[in-house]
Amino acid sequence: MDVRAQIVMAFHLDKCIGCHTCSISCKNIWSDRKGTEYMWWNNVETKPGIGYPRGWENQERYHGGWVRDGNQVRLNSVNRGGTLFSLFFQPHLPEIEDYYEPFDFDYGNLMGAPDSDDQPVAAAFSQVSGERIEQIKGSANWDDDLSGSRRYAAKDPNLPDARLVEAYDTIFMQYLPRICNHCLHPSCMASCPSRALYKRGEDGVVLVDQNVCKGWRFCVTACPYKKVYFNWQSGKAEKCIFCYPRVESGQVNACAQSCVGRIRYVGVVLYDAEQVADALLKDDPDLVEAMRALILDPADPQVREAAAKNGVSEQWLRSAQQSPIYPLVKQFRVAFPLHPEFRTFPMTWYIPALSPVLSVYGETHRVLEHGMIPDPQLLRIPAGYQARLLAGGNRHLIEEALRKLFAMRVYLRGENLGKPADPEVLKKAGLDAEGARQLYKLFALTGYHDRHVIPPQVRESQGPEERKKGAGVGIIKKSRREKR
Ligand code: SF4
Ligand code: SF4
C-alpha cells in the first residue's frame, strides 16, 4: 500500500443556485491581470448546455484526457511520433470563438462624453486589442439559464437527442460549478514537454511552474476539462491553484468560502497510489467503483500506519478522519467524479441533483407523506443524463444515490413533522435511521468548520530539516518539481 493524501472538493448540485459568486471571488483574487481576462478558473455552467469553453466535453474534437490502448492508457492528444510536430502546431486547441474575445465597456464615456443630443453609451471594447467591438458574440456564460433552448441544450453530448425532442416543453435545468479537478492521473502534467506542471506531494494540488513553462500549450489540449488556460500576455499556461496560499494556512478556498448555496465541502482523503494503474484500465461504467476503491478508510489502523510511513502527519490523519468527503464518496456512495471516462481520475466529487418530482407525481407532499420513493427512471432530469455526466454511463450507481437522497428526505421530513415514515423507506434505499440522520446533518445542518476540514501545513513554523523530512506537513513523497 502506497498511501498518499489528497485535498478534495465536493459539490452538492441540488444546492447550487447559479449565482456565480464563487467565480467572481476567484477571479478577483487570482485572475484579474492582463492576459487572464478570459480565464475562469472557477466557472458555473447551465446544463444541459455547451459549457465553457464551448463544447469542452467533446473529446472527438478536443482530444483531451487518456484513452485505453490494450493494457495501458495513452494521452488522447499526442503520440510519440507527433510530439515534435505538435510543438509548433496544436490542431485541437480551443479557438478564441470557443472562449470569447475578452471585452469591457467604456463606462468613462457615460460621465465624460461631450454635450450632445444623444444619450451617451458605454460601448464594448476588446481587452486584447483595445478596438471597439460592434457586436458581442459570446462570453463565459453565454448560455447561462438557457438550457431550455434547443440551440444550446441540443449540443450537450450527455443528452440523447430523442429525449430532448420528446421533452422539449419540460426540459430541465441544473448548474454545474467547475474548477480544476487536481486529478490523481493528470493528463495536463503528463503532456508537458518542459515538465512545468507538477502535483504537490503533500496535498496533491496540481500547479504550473511559471519559471519553467515554455508556452507549448500541450496541457491546454491534454486537459479534457479545459481547465488550463494560455496567458496571451506572459506566454505561459495558468490554472486553478486550489487557493494553495490560503489552504496552506488552514483557510478555505475562496470559491468555497464565498459559496452562497453552501454547496461545497473541502477535506482530505487518503488513497492508495499503487492501485491507480490497474484502476485506469477498467471499463467506463466500472470507473466510479474503481476510483472509490482507491480511497481508503482513514480510521483503519493499517492505512494510518502506511500513511504515517509516507510522512503524512498526525494532524492530516486526524483531518482525513473528520473530513466530510469520505462519508459522501465511500460510506454513503452519493458523490461522483465528473466524466470519469476521461481517465484523469478527477478529485472533485459531485452529488447529483434531484429533479422536481411534481411533473411526475402531481403533488410532492403526497409523495413525502406516503413515504413513496419516486422511480429514478421517471425523474425529470433523466438518470441516464446524470450517468453520462458523472458515472461513465452507469445509471445504476446514479439511481442508487438518488434513491438514498429521496429516502433521506422522506424519512427526515416525517420525523420533523412528528409523523415518522416507515423505516422500510430507508431500507429499500440501503440506508438506516442513523445513516439518514448523518446524511441530513451533512447536507442541511453542517456548519462552516464541518463542511471545510482543512489542516494547516504550518510551513512557516518549520526549519529546513523538518520540511525535508516532511515532519508535520504531510509530505508523502517529493513531488516531481522538488526532485529536479
Ligand atoms: S482538471 Fe485538467 S488541469 Fe486540472 S489536474 Fe486535471 S487534467 Fe490537469
Ligand atoms: S457560489 Fe455556490 S451556489 Fe453560487 S454559483 Fe457558485 S457554487 Fe453555485
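Residue numbers run consecutively from 1 along every chain, following the written order of its sequence. The order in which chains are written sets their letters, starting at A; the order in which ligands are written sets their numbers, starting at 1. Residues qualify for local features only when their pLDDT is at least 70, as the model is predicted, and side-chain atom pairs are given and counted only at 80 or more; totals for whole chains, interfaces and linings, by contrast, use all residues. Water and hydrogen atoms play no part in the side-chain values, which are based on all heavy atoms of the structure.

A.B. asks: Quick rundown of the overall build of the protein chain? Include the residues and the values.
C.D. replies: Each helix and strand in the protein chain was counted, giving 24 helices and 15 strands. Contacts are assigned to residue pairs that have any heavy atoms within 4.5 Å of one another. Pairs at least 24 residues apart make up 73% of the contacts formed inside the protein chain by residues separated by at least 6 positions. With residues, only the protein chains shown are counted as cover, and all accessible areas are computed by Shrake-Rupley using a 1.4 Å probe. On the protein chain, roughly 21,600 Å² of surface is accessible, and the fraction owed to carbon and sulfur atoms is 50%. Each helix corresponds to a stretch of at least 4 residues labelled H or I by DSSP, and each strand to a stretch of at least 2 residues labelled E; elements are numbered beginning at the N terminus.

A.B. asks: Can you tell me about the sheet that holds strand E12 (residues 264–272), naming the residues and giving the values?
C.D. replies: Paired strands are those between which DSSP finds at least two bridges. Read from one edge to the other, the open sheet built from 5 strands follows the order E13-E12-E1-E15-E14, with strand pairing classed as mixed. What marks the edges here is a single partner per strand, and that holds for strand E13 (295–296) and strand E14 (336–337). As judged from the 2 bridges shared by E12 and E13, these two strands associate in the antiparallel manner. Note that in E13 the partner of leucine 270 across the bridge is leucine 296.

A.B. asks: With reference to specific residues and values, describe the pattern of salt bridges.
C.D. replies: Each salt bridge in this description consists of a side-chain nitrogen of Lys or Arg and a carboxyl oxygen of Asp or Glu lying within 4 Å of one another. Considering all chains together, one arrives at 23 salt bridges under this definition. In this structure, the salt-bridge partner of aspartate 14 is arginine 409, at a minimum N-O distance of 3.1 Å. Placement of the pair is aspartate 14 in the loop between strand E1 (3–12) and helix H1 (21–30) and arginine 409 in helix H19 (residues 395–416), with a sequence separation of 395 residues. Think of it in three bands: residues with accessible area under 20% of the maximum for their type are buried, residues over 50% are exposed, and the middle band is partly exposed, with areas taken using a 1.4 Å probe on protein chains only. By relative accessible area, which is 26% here, aspartate 14 ends up partly exposed. Taking the relative accessible area as the measure of exposure, arginine 409 reaches 43% and is therefore partly exposed. A salt bridge links arginine 304 to glutamate 314, with the nearest nitrogen and oxygen atoms 3.3 Å apart. Here arginine 304, found in helix H13 (residues 301–309), pairs with glutamate 314, found in helix H14 (residues 314–322); they are 10 residues apart in sequence, far enough to count as distant. A relative accessible area of 45% places glutamate 314 in the partly exposed class. Through salt bridges with shared partners, a single ionic network connects Glu289, Arg292, Arg333, Glu400 and Lys404.

A.B. asks: Tell me about the nonpolar core, and please be specific about residues and values.
C.D. replies: To form a nonpolar core, buried Ala, Val, Leu, Ile, Met, Phe, Trp, Tyr and Cys residues must be joined to one another through side-chain atoms within 4.5 Å. One finds Leu328, Phe345, Trp349 and Phe443 to be the most contacted residues of the largest nonpolar core, which totals 138 residues. It is H19 that contributes the most residues to this core, 11 residues altogether.

A.B. asks: So what's going on with the packing of aromatic side chains? Residues and values would help.
C.D. replies: In this analysis, rings of Phe, Tyr and Trp, with Trp reduced to its six-membered ring, are considered paired at centre separations within 6.5 Å, and the interplanar angle assigns stacked below 30 degrees, edge-to-face beyond 60, and tilted for intermediate values. Scanning the entire structure with this criterion turns up 11 aromatic pairs. Centre to centre, the rings of tyrosine 52 and tyrosine 99 are 5.7 Å apart; their planes meet at 65 degrees, and the pair counts as edge-to-face. With tyrosine 52 in the loop between strand E2 (43–47) and helix H2 (59–62) and tyrosine 99 in the loop between helix H3 (83–88) and strand E5 (103–105), this residue pair connects regions lying 47 residues apart in the sequence. As far as the burial class goes, tyrosine 52 and tyrosine 99 line up, both buried. Ring-pair connections join several aromatic residues into one group, and the members of that group are Tyr38, Tyr52, Tyr99, Tyr100, Phe103, Phe105, Tyr107 and Tyr229. A cation sits over an aromatic face here: lysine 27 above tryptophan 40, 5.0 Å from the ring centre. We call a charge positioned above a ring when the Lys NZ or Arg CZ atom is no farther than 6 Å from the ring centre and deviates by at most 35 degrees from the ring normal.

A.B. asks: Explain the packing of helix H18 (residues 383–390) against H19 residue by residue, including any values.
C.D. replies: When two helices pack together, you describe them by how their axes are tilted relative to each other and by the distance separating the axes. Axes here refer to lines fitted to C-alpha atoms; in helices the fit is confined to the stretch in contact. Angles between the N-to-C directions go from 0 to 180 degrees. At their nearest, the axes of H18 and H19 sit 8 Å apart, and the two run at 110 degrees to each other. Judged on the interaxial angle alone, H19 and H18 are roughly perpendicular. Taken as a pair, H18 and H19 cross one another with a handedness that is right-handed. Contact with H18, carried on its side by Ala383, Gly384, Gln386, Ala387 and Leu390, involves Arg395, Ile398, Glu399 and Leu402 of H19 and no other residues of that element. Here the term charged refers only to Asp, Glu, Lys and Arg, the term nonpolar to Ala, Val, Leu, Ile, Met, Phe, Trp, Tyr, Cys and Pro, and the term polar to all other amino acids, Gly among them. The class makeup of the residues in the contact of H18 with H19 is 5 nonpolar, 2 polar and 2 charged. Should an angle fall under 35 degrees it is taken as roughly parallel, and over 145 as roughly antiparallel, whereas 65 to 115 is taken as roughly perpendicular and any remaining angle as oblique. Crossing chirality is assigned from the near helix's rotation relative to the far helix, an anticlockwise turn below a right angle marking it left-handed and a clockwise turn marking it right-handed.

A.B. asks: Let's hear about the site of ligand 2: which residues, and what values?
C.D. replies: Nearness of a residue to a molecule or strand requires only that one of the residue's heavy atoms be within 4 Å of it. Near ligand 2, the surroundings consist of 14 residues, among which Cys16, Cys19, His20, Cys22 and Cys259 are the closest. Along the lines of polarity and charge, the residues of the shell around ligand 2 split into 9 nonpolar, 4 polar and 1 charged.

A.B. asks: How would you sum up the site of ligand 1? Please name residues and give values.
C.D. replies: Taken together, the residues surrounding ligand 1 are Cys180, Asn181, His182, Cys183, Pro186, Ser187, Cys188, Val206, Cys223, Tyr225, Val228 and Lys239. Here the residues of the shell around ligand 1 are counted per class, giving 8 nonpolar, 3 polar and 1 charged.

A.B. asks: Give a description of a nonpolar patch on the surface that names residues and reports values.
C.D. replies: Together, Phe88, Phe89 and Trp216 make up a nonpolar patch on the protein surface, roughly 360 Å² of accessible area in all. Mapped onto the elements, tryptophan 216 comes out in the loop between strand E9 (206–208) and helix H8 (218–222). Each patch is built from residues lacking any salt bridge and having more than 30% relative accessible area; the joining distance is 9 Å for like charges and 5 Å for nonpolar side chains (Val, Leu, Ile, Met, Phe, Trp, Tyr).

A.B. asks: Tell me about H19, and name the residues and values.
C.D. replies: Its 22 residues give H19 an end-to-end C-alpha distance of 31 Å, which sits within 8% of 32 Å, the value for a rise of 1.5 Å per residue. Definition of a polar contact: a pair of N or O atoms within 3.5 Å, with one able to donate and the other able to accept a hydrogen when the atoms are protein atoms, and with sequence-neighbouring residues admitted only if both atoms are side-chain atoms. Where H19 begins, the capping side chain belongs to asparagine 394, and its oxygen is found 3.2 Å from the backbone nitrogen of histidine 396. Multiplying 1.5 Å by the helix residue count minus one yields the expected span of that helix.

Worth remembering: the numbers are spatial, not functional.
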